[in-house]
Amino acid sequence: MIEFKSKMDVSTPEEIFSEINNRFIGAIMMHGQFADYFDFLGLRGYKRLHEYQHLAESIERRKVCRYYINHHNALIKEDFSGEVNVIPDAWYTAKRLSVGKSTKQKAVEDGFLEYHNWESETKSVYEKYAQKLRETGSVADAIFVEKLVEDVSAELKTVEQMISDLISTGYDMVYITENQSEIDEKYKKKLKGIEVE
């Protein structure tokens, strides 16, 4: 369960970039936990996807901080408040081999729904921030945030395609299991190409 909401009543670049930074902190926490979540379920492709996103979001957060420092000559205040707990409490007393098929199916469905909700909300939040920055005359900042919207939109497209495939198969465990190697390889390659600019 993710209990974090971005503030929408912000209007200055300082407030908006602080909120963007907080959202990245939440995303990094979410992806790290989802990597453990899917690793525990033995679904290495989904695990690797979230490991990749964990690192990619961390690098993107650094870019946000660097942009703000270099264009506003100030630091972004870190004031993340909220909870990111995607792993059910009961799993902490369970063993990996005791997780049955129906639990895995439900976990995949719940996990992807939570992931989709986060990314969908992130896109909406960033769009509103970019619009607010344009309205207040901070055009360069708005352009920077619009690039974040494009990145989130691409990630959301991938998540929606994966969910559509899962729905089409009724979250079939044979389908899910057979696709793990392909997804694992795809994100293993993407991890090799990740770098800080």
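Please read all numbers here as calculations on a predicted model, not as lab measurements.

A.B. asks: Which residues make up the environment of I16, and what are the values?
C.D. replies: Relative to the helices and strands, I16 resides in helix α1 (residues 13-40). For the pair I16 and Y129, spaced 113 residues apart in sequence, the C-alpha separation works out to 6.5 Å.

A.B. asks: Can you explain the packing of aromatic side chains? Please cite residues and give values.
C.D. replies: The final tally for this structure, using the stated rule, is 17 aromatic pairs. Judged by centre distance (5.2 Å) and plane angle (70 degrees), the rings of F38 and Y46 are edge-to-face. The same class applies to F38 and to Y46, which are both buried. Geometry around W118 places R23 over its ring, the cationic atom sitting 4.0 Å from the centre.

A.B. asks: Please provide a residue-by-residue account of the side chain of H50, values included.
C.D. replies: Relative to the helices and strands, H50 resides in helix α2 (residues 44-72). Owing to a relative accessible area of 1%, H50 belongs among the buried residues under this scheme.

A.B. asks: Tell me about the nonpolar core, and please be specific about residues and values.
C.D. replies: Within soluble globular proteins, side chains that are nonpolar tend to cluster in buried spots. Counting residues in each nonpolar core, the largest one holds 34 residues, and the members touching the most others are F38, Y46, V108 and F112. Put simply, the parts of the chain that give this core at least two residues each are α1, α2, α3 (101-135), α4 (139-168) and α5 (173-192). The residues contacting F38, other than those within four sequence positions of it, are L43, Y46, K47, H50, V108 and F112. In terms of nonpolar packing, the next biggest core, distinct from the first, is built from 21 residues, V10, F17, Y68 and I76 among them.

A.B. asks: So what about unusual backbone geometry? Which residues, and what values?
C.D. replies: With phi around 55 degrees, N73 is a residue other than glycine that occupies positive phi space. Among the structural elements, N73 can be located in the loop between α2 and β2 (83-84). Residue N73 is classed as exposed on the basis of its relative accessible area, which comes to 69%. The backbone phi angle of Y171 is positive, close to 55 degrees, even though this residue is not glycine. You can see Y171 is positioned in the loop between α4 and α5.

A.B. asks: Which residues make up the packing of α2 against α4, and what values go with them?
C.D. replies: The angle between the axes and the distance between the axes are what describe a pair of packed helices. Here α2 crosses α4 at 170 degrees, and the two axes come no closer than 11 Å. By the angle between their axes, α2 is roughly antiparallel relative to α4. Only A140, D141, F144, L148, D151, E155, M162 and L166 of α4 make contact with α2, whose side of the interface consists of Y46, L49, Q53, E57, E60, K63, V64, Y67 and H72. Classifying every residue of the contact of α2 with α4 gives 9 nonpolar, 2 polar and 6 charged.

A.B. asks: Just give me the short version of the pattern of salt bridges, but keep the residues and values in it.
C.D. replies: Scanning all chains against the criterion turns up 13 salt bridges. Measuring nitrogen to oxygen at the nearest pair gives 3.0 Å for the salt bridge that ties D39 to R96. Pair noted here: D39 is in helix α1 and R96 is in the loop between β2 and α3, with a separation of 57 residues, a long-range link. A residue is classified by how much of its surface remains accessible, and R96, at 43% relative accessible area, is partly exposed. E51 serves as the salt-bridge partner of R48, at 3.7 Å between the closest nitrogen and oxygen. Of this pair, R48 and E51 are both found in helix α2, 3 residues apart, which corresponds to roughly one turn of the helix. Residue R48 is classed as buried on the basis of its relative accessible area of 17%. Three or more residues are tied together by salt bridges with common partners; here these are R44, R48, E51, D184, E185 and K188.

Each value, and the rule that gives it
- Residues numbered from 1 in each chain as written.
- Predicted model: local features only at pLDDT ≥ 70, side-chain atom pairs only at ≥ 80, totals over all residues.
- Heavy atoms only, no water.
- Helix = DSSP H or I, 4+ residues; strand = E, 2+ residues; numbered from the N terminus.
- Phe/Tyr/Trp six-rings, centres within 6.5 Å; stacked < 30°, edge-to-face > 60°.
- Buried < 20%, exposed > 50% of the residue type's maximum accessible area, 1.4 Å probe, protein only.
- Lys NZ or Arg CZ within 6 Å of the ring centre and 35° of its normal.
- Core = buried A, V, L, I, M, F, W, Y, C linked by side-chain atoms within 4.5 Å.
- Contact = heavy atoms within 4.5 Å.
- Axes fitted to C-alpha atoms, helices over the stretch in contact; angles between N-to-C directions.
- Parallel < 35°, antiparallel > 145°, perpendicular 65-115°, else oblique.
- Nonpolar A, V, L, I, M, F, W, Y, C, P; charged D, E, K, R; others polar.
- Salt bridge = Lys/Arg side-chain N within 4 Å of Asp/Glu carboxyl O.

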